[in-house]
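Structural description and commentary
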Amino acid sequence: MGDIEKRLNKAAIKVQSDTSKWGIVVAGLVGADNGILPLNPGSPKRNVQMLEDESASAFDVNLDVGTWGASDFGLDFDYRWDGLENILLGLLMGVDTNPQVQDALAFKHTITMKDSAVGLFASYATEKFSEVHTIPTLKVLKMTLSSSGGLIKAAFNVRGSDITSETATLTGVTVPANAHFRAKFQQAVFRMNDYAVAGGGTGLGAGHVIKPKSFSLEIERKMDAEHTSGSQQIIEPIENDKPSVKLTMEFPRMDAVNAAYFAAWTALPITVDKKADICITGPVIEAAHAYELDIHLPHLIIEDVEYADSKIIPSKIVLRGAVADVAQTDMVDLLPAAIYLTNTRAATLVA
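Regarding the nonpolar core
Counting residues in hydrophobic clusters, the biggest one holds 68 residues, and the most contacted among them are Phe215, Ile219 and Met249. When residues in this core are grouped by element, the largest group, seven residues, is from strand β16 (residues 289-307). Apart from the residues within four sequence positions on either side, Phe215 is in contact with Leu145, Ser146, Ser147, Ile152, Phe185, Phe190, Leu247, Thr248, Met249 and Ile278.

Here is the structure:
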């Protein structure tokens, strides 16, 4: 009986800490604790440039292979507190200061936005049937954090330098301990109130809790895909536009709270901006410390408010993240997004 085609068995990721080695697989990729658990392995491919001969001829002649284009693909996850999708999050944001030990087992990561993600990339490999497909290096272009089926979902768009294939296995790859813990939508608390132009302002408290039925938070870096002389593959992509942050929330019905968003959005001039946080709390790690994903959005500008035509009128609000002029109460960050992650990983996410 011949071999049977199997779905994804294993995948691995590891940060390339040597910023000069774009396009080169990081040593130790196939190793313990490098296992990552995507819902799909992604569909990367080598985009080959065909060089056609345009000289007079009834048929193609002298076809040649040129450079390899970017290998773009997506990776989707049930978000896991100790899952290595957090590496993708760190590479997108840019900064993960030295994790602070909370006790013996819990560590708090402060993940903030960097002006540029130059030098931040990783190697990725998936086991497919009897082969391993490897992306020597990839950059993270976008993350969408959302809710679906009662779980928190994380989807990443990435851009790879190339794809290689070899007959091998990822036998030595293991996932981090406790990676089976997944974040649930019921564990999330959303709070939002007015942005204080002069700084400070009313801190977010119990009276500012809002209850969307679904949400999506998009953080994106638009990047180029350029070739230079002597380069078969793309050079390391860099930003060709400003990073963007967008929060979308849908509510099951129109009420006095979300009706006020529409009033603020339609007022001229628009003066009522917002600030918000999203805190998702998971199981206890030890004593007083639990898994936590705490997202701070210090300055949000209302982009759209929608009330659909229905027997029960639902509500939707779209907000764009911007730099805060001055720090808001209980938020030290000025950039559009900051994320505080508490899990059991002692190492930084970006090295």
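So, next bit.
Considering the pattern of salt bridges
Tallied over the entire structure, the rule returns 11 salt bridges. Of the charged contacts in the structure, one is a salt bridge between Lys142 and Glu218, with a shortest N-O distance of 3.0 Å. Placement of Lys142 in strand β8 (residues 131-148) and of Glu218 in strand β13 (residues 214-220) is noted, with a sequence separation of 76 residues between them. Take Lys142 and Glu218: they sit in the same class, and that class is buried. What emerges from the salt-bridge pattern is a single network uniting Asp78, Lys153 and Arg182.

Considering helix α2 (residues 256-266)
Helical geometry note: an α-helix holds 3.6 residues per turn, so side chains three or four residues apart project in the same direction. Listing the buried residues of α2 in full gives Asn258, Tyr261 and Ala264. Taken down its axis, α2 places every buried residue within 100° of arc, on the same side. At the N-terminal boundary of α2, the capping side chain belongs to Asp255, with an oxygen 3.1 Å from the backbone nitrogen of Val257.

Calculation rules
Residues numbered from 1 in each chain as written. Predicted model: local features only at pLDDT ≥ 70, side-chain atom pairs only at ≥ 80, totals over all residues. Heavy atoms only, no water. Core = buried A, V, L, I, M, F, W, Y, C linked by side-chain atoms within 4.5 Å. Buried < 20%, exposed > 50% of the residue type's maximum accessible area, 1.4 Å probe, protein only. Helix = DSSP H or I, 4+ residues; strand = E, 2+ residues; numbered from the N terminus. Contact = heavy atoms within 4.5 Å. Salt bridge = Lys/Arg side-chain N within 4 Å of Asp/Glu carboxyl O. Arc of directions from axis to C-beta. Polar contact = N/O pair within 3.5 Å; in protein donor to acceptor, adjacent residues only side chain to side chain.

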